[in-house]
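Spelled out from the first residue to the last, the chains are:
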Amino acid sequence: MRTKPNAQPNQSLIDGIATLQALASSPEPVGCRELARQLDANPTRVNRLLKTLAYLGIARQTADRKYTAGPGMHVLAAQSLFASGLIRRALPVLESLRRFGHTVAMGVLWNDSVSYLFHAPPGIEAARGLGRIGLLPATTSGIGIALLAQLSDEEVRELYADKPIPMFPNGIEQLLATLAVTRSQGHARVHVADERDHHVVAIAMGDPVHAGIAMSGWIPESATDELVRALQAAAAEIG
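Scope of this entry: the structure provided in the associated data block. Being a predicted model, the structure only gives us computed values, none of them experimental. (Residues numbered from 1 in each chain as written. Predicted model: local features only at pLDDT ≥ 70, side-chain atom pairs only at ≥ 80, totals over all residues. Heavy atoms only, no water.)

So, about a nonpolar patch on the surface. A cluster of nonpolar side chains, L13, I17, W110 and L135, forms an exposed patch at the surface whose accessible area comes to about 360 Å². The residue L13 is located in helix α1 (residues 11-25) in this model. (Patch = residues over 30% accessible without salt bridge, like charges linked within 9 Å, V, L, I, M, F, W, Y side chains within 5 Å. Areas by Shrake-Rupley, 256 points an atom, 1.4 Å probe, with all protein chains shown as cover. Salt bridge = Lys/Arg side-chain N within 4 Å of Asp/Glu carboxyl O. Helix = DSSP H or I, 4+ residues; strand = E, 2+ residues; numbered from the N terminus.)

See the structure below:
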């Protein structure tokens, strides 16, 4: 899932994509200096990158000189979803999983976050599940745990070096122990101890792995195996 470069990576490209991703995940227009603080980057460099993205139409500047997604970003999103075919293949399969009466989700891992492509609680139309939730910390997500388990311990250590790990107050060893259990059982089962007090059952899918699917709700331990089998059948159908 994470490949090592065969040659020296292009830092300018890395900085440009980091700026693009930060802009794409911002719920409101954001100023250059604020974005630079988020990225821990030089404001002059971020300003130059934003102006380049605006020149390409991928970003646009608002009347108060902040930046937000431009038409080019929506075109890129539509083109990538069309080219991959993932959403097109997945939607009818994910809809069929809703027969269990749980929230159904599909997401991908991006660094230490999960981006939900689909998240549909019971009772809402499937179409409303598209793009409903943005980025969430991977360690707070069943899909995130399932996908992190596909990485080696070394890669996970590198990913979380000098970072707090949400939901794992005892640090990296606690996370690695959870990932080891996830690998051994072939799925993640995560207890979400908030006001909902529910569980998430999730698996990774694809060969090589490129996404994860999950069901969440009040799920007793005895129901886990049935849900895992349903998720595995769905993953095989999606491809």
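Another aspect to go through is the side chain of T19. Along the chain, the position of T19 falls in helix α1. Ignoring anything within four residues of it in the chain, the contact list for T19 reads L35, L39, L49, L50 and L53. (Contact = heavy atoms within 4.5 Å.)

As a further point, take the pattern of salt bridges. Summed over all chains, the structure comprises 6 salt bridges. We note a salt bridge from R45 to D15, for which the minimum N-O separation is 2.8 Å. Taken together, the positions of R45 in helix α3 (residues 43-56) and D15 in helix α1 put the pair 30 residues apart, joining distant regions of the chain. Across the pair E173 and R157 runs a salt bridge whose closest N-O atoms are separated by 2.8 Å. One end of the pair, E173, is in helix α8 (residues 172-185); the other, R157, is in helix α7 (residues 153-159), and 16 residues separate them in sequence. By relative accessible area, E173 is classed as partly exposed at 47%. For R157, a relative accessible area of 39% puts it in the partly exposed group. (Buried < 20%, exposed > 50% of the residue type's maximum accessible area, 1.4 Å probe, protein only.)

A word on the environment of A235. Tracing the sequence through the fold places A235 in helix α9 (residues 224-238). A relative accessible area of 11% means that A235 is categorised as buried. Sequence separation of A235 and A211 is 24 residues, and the distance between their C-alpha atoms is 9.4 Å.

Sheet strands associate in pairs through backbone hydrogen bonding, adopting either a parallel or an antiparallel arrangement. On the basis of which strands lie adjacent, the open sheet formed by 6 strands has the order β5-β4-β3-β8-β7-β6 and antiparallel pairing. The open sheet has two edge strands with one neighbour each: β5 (135-137) and β6 (188-192). Between one strand axis and the next, the sheet turns through 35° on average, direction left out of account. Bridge count for strand β7 (residues 198-205) against strand β8 (residues 211-217) is 7 bridges, and the pairing is antiparallel. The residue of β8 that forms the bridge with V201 is M215. Strands β6, β7 and β8 of the sheet are contacted by α9, whose axis makes an angle of about 35° with β7. (Pairing = 2+ DSSP bridges. Axes fitted to C-alpha atoms, helices over the stretch in contact; angles between N-to-C directions.)

It is worth spelling out unusual backbone geometry at this point. Residues D207 and P208 are joined by a peptide bond in cis, for which omega reads 5°. Position of P208 among the secondary structure elements: in the loop between β7 and β8. Here the phi dihedral of R65 falls at roughly 70°; this positive angle occurs in a residue that is not glycine. Mapped onto the elements, R65 comes out in the loop between β1 (59-61) and β2 (67-69). Among the residues examined, R65 registers a relative accessible area of 59% and is labelled exposed. The backbone of N111 shows a phi angle near 55°, a positive value even though the residue is not glycine. Positionally, N111 belongs in the loop between β3 (103-110) and β4 (113-120).

β8 sits mainly inside the fold: 7 of its 7 residues count as buried. Burial of β8 is two-sided: the residues A211, I213, M215 and G217 facing one way and the residues G212, A214 and S216 facing the other way are all buried. Here β3 pairs with β8 via 5 bridges, running antiparallel. Bridging from a neighbouring strand, G107 pairs with G212 of β8. Following β7, the chain reverses through 5 residues before pairing antiparallel with β8; G206 in that reversal takes a positive phi of roughly 105°.

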